[in-house]
Protein chains: 2
Amino acid sequence: MQQMLEKLREQKFRITPQRLAVVKILAHSKNHPSVEMIFEQVRRDFPTTSLATIYKTVSLLKELGEVLELGFPEGGNRFDGNNPAPHPHMICVRCKKIVDPPLEALSGLTREASQKTGYTILSHRLDFFGICPECKQNN
Amino acid sequence: MQQMLEKLREQKFRITPQRLAVVKILAHSKNHPSVEMIFEQVRRDFPTTSLATIYKTVSLLKELGEVLELGFPEGGNRFDGNNPAPHPHMICVRCKKIVDPPLEALSGLTREASQKTGYTILSHRLDFFGICPECKQNN
DNA sequence: CTTCATGCAAAACATTTGCAGCTGG
DNA sequence: CCAGCTGCAAATGTTTTGCATGAAG
């Protein structure tokens, strides 16, 4: 969170109450929130905030490299404000929860892919879709 | 391609010229075409075809499990008509080409992810973003 | 003070839907 | 024939944009 604010100040972007609220949510939530979720939370403190501002703020933070956007074709994009580096996600298809698993075997895979195709690999995205332990229990 | 047509007939869906054209494109193209690309190609043979029909056809084929949709947040969704099972993709960020690398280390990764998080894994998606050999050459 | 950000509304997209008329089997 | 497809246009949902007002620094 401090890092995000630092980056904003550094580049002469203003720290407005709305931006502060968005940053706070992104930095603290473990839920990979959607624009809509951020919007609703910000509204609790600043009821006049508009969706456009949320969009503007998150794309600003994205450009600064401080948040990662996880796009989905169905339109429910989610944001990760804790770890802007690419990393795998575990997505529960029932409750839509997204967690970050600690995986080790990934770098070998990247190397293999690069060798076999001749591509220079810049980034990647790995999502697993499944059912989380809680949802399995509350069947 | 024959398999797609078979599946359509089997479920009593009509083989219209438009559907045939879409199936042909999906079965033959190695380019993972977008809806727009399919639309333009179909229009060459059937100039009155509407975008809505393309959308309806690809989502029908998707429901039948005959094509895989690769969704992107930027809206440029692409389709894979050759291999409906989830598999990794190499995406060139310059020319947008998408190829399928033959990767072996993936099943181990899935197992590791499942063990570490307790999720039951149903599916996954792995995309590498980079620069393809051709683009590197034509720098 | 000056510049930039906000908030509203309208615009821009991509995709979906409703429906009259057409057509494949 | 006639159920189900097509093509049009309108509806939808999400994200973007333009611009006047307001607030940060």
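Residues numbered from 1 in each chain as written. Chains lettered and ligands numbered in written order. Predicted model: local features only at pLDDT ≥ 70, side-chain atom pairs only at ≥ 80, totals over all residues. Heavy atoms only, no water.

Trainee: What is the right way to read the protein's contact with DNA strand C from this model?
Mentor: Neighbouring DNA strand C are 18 residues; A:R14, A:T16, A:K56, B:R14 and B:Y55 lie closest to it. When the atoms of DNA strand C within 4 Å of the protein are grouped by moiety, sugar and phosphate amount to 67% of the total. In the model, a phosphate oxygen of DNA strand C is placed 3.1 Å from a nitrogen or oxygen of the A:T48 side chain. Within the side chain of A:K56, one N or O atom sits 2.8 Å away from a base oxygen of DNA strand C. The set of elements that each furnish at least two residues to the surface near DNA strand C consists of α2 (17-28) and α4 (51-63) of chain A together with α4 (51-63) of chain B. Split into classes, the residues belonging to the surface near DNA strand C amount to 5 nonpolar, 8 polar and 5 charged. (Near = heavy atom within 4 Å. Polar contact = N/O pair within 3.5 Å; in protein donor to acceptor, adjacent residues only side chain to side chain. Helix = DSSP H or I, 4+ residues; strand = E, 2+ residues; numbered from the N terminus. Nonpolar A, V, L, I, M, F, W, Y, C, P; charged D, E, K, R; others polar.)

Trainee: Sorry if this is basic, but what is going on with unusual backbone geometry here?
Mentor: Glycine aside, a negative phi is what most residues show, and trans is what most peptide bonds show. Look at A:K96: it is not a glycine, yet its phi comes out positive at around 65°. When you line up the elements, A:K96 lands in the loop between β3 (89-92) and β4 (98-99).

Trainee: What's the story with the interface of chain B and chain A in this structure? I'm lost.
Mentor: Many authors give the size of an interface as the accessible area that is lost as the parts come together. With 38 residues of chain B in contact, the opposing surface of chain A contributes 38 residues. Both sides of the chain B and chain A interface together cover about 3,300 Å² of buried area, and 68% of this is carbon and sulfur. It is B:L109, B:Y119 and B:F128 in chain B that bury the most area against chain A; as a group they hold 20% of the surface buried on that side. Our count for the chain B to chain A interface comes out at 2 salt bridges. Its salt-bridge partner being A:E104, residue B:K116 comes within 3.5 Å of it at the nearest N-O pair. At the surface where chain B touches chain A, the tally comes to 20 residue pairs in polar contact (both at pLDDT 80 or more). Going through the elements one at a time, β3 (89-92), α5 (106-117), β5 (120-131) and α6 (133-137) of chain B are the ones with two or more residues in the side of chain B that touches chain A. At 12 residues, β5(B) tops the list of elements feeding residues into the side of chain B that touches chain A. Looking at the side of chain B that touches chain A residue by residue, the classes come out as 22 nonpolar, 9 polar and 7 charged. As defined by bridge partners, strand β5 (residues 120-131) of chain A adjoins β5(B) across 11 bridges and the pair is classed as antiparallel. (Contact = heavy atoms within 4.5 Å. Buried area = accessible area lost by both parts, 1.4 Å probe. Salt bridge = Lys/Arg side-chain N within 4 Å of Asp/Glu carboxyl O. Pairing = 2+ DSSP bridges.)

Trainee: Can you help me understand the pattern of salt bridges in this one?
Mentor: A side chain with one charge can pair with a side chain of the opposite charge if their charged atoms come near. All names here are of chain A. Tallying each qualifying case throughout the model produces 12 salt bridges over all chains. Salt-bridge contacts for E69 lead to K62; the nearest nitrogen and oxygen are separated by 2.3 Å. For E69, a relative accessible area of 24% translates into the label partly exposed. Measuring nitrogen to oxygen at the nearest pair gives 2.8 Å for the salt bridge that ties E134 to K97. One end of the pair, E134, is in helix α6 (residues 133-137); the other, K97, is in the loop between β3 and β4, and 37 residues separate them in sequence. Since its relative accessible area comes to 29%, K97 is described here as partly exposed. (Buried < 20%, exposed > 50% of the residue type's maximum accessible area, 1.4 Å probe, protein only.)

The quantities given are spatial measurements derived from coordinates; they are silent on function.
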